[in-house]
Amino acid sequence: MQGNILKAKYQVYKDTAGKFRFRLRAANNKIVAVSEAYERKTGCMNGVKSVQKNCGAPIEDKTIGAETLPHPKYEVFTDAASKYRFNLSASNGEIIATSEAYETKQNCMNGIEAVQKSCDAEIEDLTVDQVREEVTEAPMQPAAGAGDTTLKMSCPPTSVDLNSIVTFEGKLMTSDTGKGIGNAEIDIYERDRSFMSDDVLVSGITSKDGNFKIDWKAKQQDWWDDSVEVYARFEGDEKHNPSQTDTYKIRVLFYLKKKS
């Protein structure tokens, strides 16, 4: 008997602002398209159905000055950072799904192909569980008079090999005296560049003097490019307010280096 086979699916969820959105996860579990924010779930569900209806639309490649096509269509273009993206528009010209930034046009085209292969993908409603979490897991609030904190992290390497070990080093301290805060949990996050929440890559605990060293095995986070944007965060406790570091970009190299 074969194990569970992953299939493409649309996920309807609520973002951090309480708005409804949907995202398309391909069969490899990677997110290939996301929606705008909707005030109501019914509007969001209609957005999913619109993508399913128009997923077989033709492609207009603006990067080569291709002929303008009528809607519905996929529009491939480059953004201000010279990254490749695509939008899927409905017959009325409204953008109903948009992609992440891709390093190459081929990866962008692969993203469109993944949407085209997901016309009949099932719809998964995540909002039920999110409502349950909002009720049962109220966010932690620091006690009155909690002190401000400062979290610093040394700049990690700008590029690393796939599966190599990256050590994130830094210190958590009180903002007024600079005294280290020990036994505090530090999370290393990957900043999500779409509409989803950021993911925790790895966590660790500060030593008595507030220093931390947290190892992470470098791996691909997004199938469309080879970069990871990371930052460290302290969520706070009854005595200390939250704080986080700047964001750093790390390129994860996937190719094998040839021996000289």
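Rules of the game
Residues numbered from 1 in each chain as written. Predicted model: local features only at pLDDT ≥ 70, side-chain atom pairs only at ≥ 80, totals over all residues. Heavy atoms only, no water. Helix = DSSP H or I, 4+ residues; strand = E, 2+ residues; numbered from the N terminus. Buried < 20%, exposed > 50% of the residue type's maximum accessible area, 1.4 Å probe, protein only. Disulfide = S-S within 2.5 Å.

Asker: Tell me about unusual backbone geometry, and name the residues and values.
Answerer: That bond from His 71 to Pro 72 is cis: its omega, 5 degrees, falls within 30 degrees of zero. Structurally, Pro 72 can be placed in the loop between strand 4 (59-61) and strand 5 (73-78). A positive phi angle, close to 60 degrees, is found at Asn 183, a residue other than glycine. Its place among the elements puts Asn 183 in the loop between strand 11 (165-174) and strand 12 (185-190). By relative accessible area, Asn 183 is classed as exposed at 67%.

Asker: Just give me the short version of the state of the cysteines, but keep the residues and values in it.
Answerer: As enumerated under the stated definition, the model contains one disulfide in all. What pairs with Cys 55 in a disulfide is Cys 119, and their sulfur atoms sit 1.6 Å apart. For the disulfide bridge between Cys 55 and Cys 119, the dihedral angle about the S-S bond is near 120 degrees, and by the sign convention the bridge is right-handed. Taken together, the residues span a long stretch of sequence, with Cys 55 in the loop between helix 1 (41-54) and strand 4 and Cys 119 in the loop between helix 2 (105-116) and strand 8 (122-125) at a distance of 64 residues.

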